[in-house]
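Per-entry structural report
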Amino acid sequence: MRQLIRWAVRLYPTLWRDRYGGELNALLEDIQLKWQDLFNILLGALRMQMATWHSLRIVAALGLAGALLAGVIAWRTQEVYVSTAVIGFAPAVQADGDRQAALRRITQAMHEVMSGRSLGEMITRPTLDLYPEDRKRMPLEDVVESMRRAGKIVSVSGPGGIAWKISWSYPDKFKAQSVVRELVARLIEQSVPAQRNQGPSAAMLFQVLDPASLPRQPLIPNRTFIVTVGLFGGAVFGWLAVLVRRIFSA
Amino acid sequence: MSDPTILVLASLADGEKHGYAIMEDIRRFANVRLGPGTLYGAITRLEQRGWIRPADSDDRRRPYCITGAGREYLEEQLTSLNQVVRTATRRLKQACGN
């Protein structure tokens, strides 16, 4: 430990060591060293470095440290990809009555597709095998709830006046795309059979305007943003440290 | 009382001492073990402020002595501390009387 502490003394600024280094080493030879002395020396060296550094150097160093810390956090954060698809009315659907009926059906279909039974089946399907870790530590109902929270079906304006955007987020971008593709297929499937018995005018109610996308970039973490925040956060902290140093040295 | 600046000045008030002697003295009279980094941080600050100065010596264990300004500062701090001690003691006695 004595060797480690001697090494820690080298972390003091050179000018300081030239003046006090010999005395400090003599003191370290005289006392019975403890582990806390190592931390005490390290902290002392840090304080002395801060005291002798130029203000800009402190701001820059802490900014860099903040960026590094944020970088580690950003790279350790699990990525989440979002796949989206858009479906709208098929051109064949013209009459207002047909549209109203179709709207009712798709609303019902949405509830059906997002039901626990439907999502549970997708989660446990071997080809998808979603949330394997969560399924080990929580009941399926809770996993279904997680999946429901990760998905979204919202109405947007489309060529036929209205369209539906289906999106779902997941750490695996290929699975995210597969699930959205499956949700779209189910949504259309659930809407059409209900109306097949009601006449030939709406044999195909919906069309896929945008197929399920394969996301290239994760939605989170936005690493550039996190590192930038770390950089500026560290710099602000450095600036505050400079202020504190000025107050205490006044 | 754990302010290393005051503890070092108090230790040097009765004469010059080197680092180890200061550390041991403080441990005896205040029951506080100053770490080596803390001690030399305090010594650096005190010397920069002109409250202590190194005594003439060729030894690596350089002794320090308190300056006039250091003595004045210590007296001010002790007066202030005495005021706090007297007030707190009086109030404690009053509280016990109630």
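Refer to the preceding data block for the structure.
In what follows, the accompanying structure is described.

About the criteria used
- Residues numbered from 1 in each chain as written.
- Chains lettered and ligands numbered in written order.
- Predicted model: local features only at pLDDT ≥ 70, side-chain atom pairs only at ≥ 80, totals over all residues.
- Heavy atoms only, no water.
- Core = buried A, V, L, I, M, F, W, Y, C linked by side-chain atoms within 4.5 Å.
- Buried < 20%, exposed > 50% of the residue type's maximum accessible area, 1.4 Å probe, protein only.
- Helix = DSSP H or I, 4+ residues; strand = E, 2+ residues; numbered from the N terminus.
- Contact = heavy atoms within 4.5 Å.
- Buried area = accessible area lost by both parts, 1.4 Å probe.
- Salt bridge = Lys/Arg side-chain N within 4 Å of Asp/Glu carboxyl O.
- 1 Å grid on protein atoms, 1.4 Å probe; cavity = no way out; pocket = protein on both sides within 12 Å on 5 of 7 lines; lining within 4 Å.
- Points joined across faces, edges and corners; volume = space filled by probe spheres on them.
- Nonpolar A, V, L, I, M, F, W, Y, C, P; charged D, E, K, R; others polar.
- Expected span 1.5 Å × (residues − 1).
- Bend = angle between axes of the 7 residues up to and from the residue.
- Axes fitted to C-alpha atoms, helices over the stretch in contact; angles between N-to-C directions.
- Parallel < 35°, antiparallel > 145°, perpendicular 65-115°, else oblique.

What follows deals with the nonpolar core. Within the largest apolar cluster, 36 residues are counted, with the highest numbers of intra-cluster contacts made by Leu24(A), Val8(B) and Leu39(B). Listing elements by their share of this core, those giving two or more residues are α1 (2-9), α2 (14-30) and α3 (35-52) of chain A together with α1 (4-12), α2 (19-30), α3 (36-48), β2 (64-66) and α4 (68-97) of chain B. In this structure, Leu24(A) is in contact with Val9(A), Tyr12(A), Trp16(A), Ile41(A), Pro36(B) and Tyr40(B), ignoring residues within four places of it in sequence. Ile87(A), Met110(A), Tyr131(A) and Met147(A) belong to the second-largest nonpolar core, a separate cluster that totals 33 residues.

So, about the interface of chain A and chain B. Many analyses report the size of an interface as the accessible area lost when the parts associate. Between chain A and chain B, the residue contacts involve 21 residues of the former and 20 residues of the latter. Taking both partners together, chain A and chain B bury about 1700 Å²; carbon and sulfur atoms supply 50% of that area. Looking at the side of chain A facing chain B, the largest losses of area belong to Tyr20(A), Glu23(A) and Leu27(A), adding up to 30% of the total buried there. The interface formed by chain A and chain B includes six salt bridges.

A word on the layout of surface pockets. All names here are of chain A. Taken as a whole, the second largest pocket holds about 240 Å³ of empty space. What lines the second largest pocket is simply Gln78, Val80, Tyr131, Pro132, Glu133, Asp134, Ser169, Tyr170, Pro171, Leu219 and Ile220. Among the elements of the structure, α7 (132-137) and β3 (163-170) are those that each provide at least two residues to the lining of the second largest pocket. Of the residues forming the lining of the second largest pocket, the biggest block, three residues, is contributed by α7. Per-class residue counts for the lining of the second largest pocket are seven nonpolar, two polar and two charged.

We now examine α2(A). Over its 17 residues, α2(A) runs 23 Å from end to end, which matches the ideal 24 Å to within 8%, given 1.5 Å per residue. Of all bends in α2(A), the biggest is about 65 degrees, found at Tyr20(A). Among all positions of α2(A), only Trp16(A), Tyr20(A), Gly21(A), Glu23(A), Leu24(A), Asn25(A), Ala26(A), Leu27(A) and Leu28(A) are buried. On its buried face, α2(A) sits against α1 and α3 of chain A together with α2, α3 and β2 of chain B.

With that settled, consider the packing of helix α6 (residues 116-124) of chain A against helix α8 (residues 140-150) of chain A. In a packed pair of helices, the relevant descriptors are the angle between the two axes and the axis-to-axis distance. All names here are of chain A. Where α6 meets α8, the closest approach of the two axes is 9 Å, and the angle between their N-to-C directions is 95 degrees. One way to sum up the angle between α6 and α8 is to call them roughly perpendicular. Contacts between α6 and α8 involve Gly116, Leu119, Gly120, Met122, Ile123 and Thr124 from the first element and Leu140, Val143, Val144, Met147 and Arg148 from the second.

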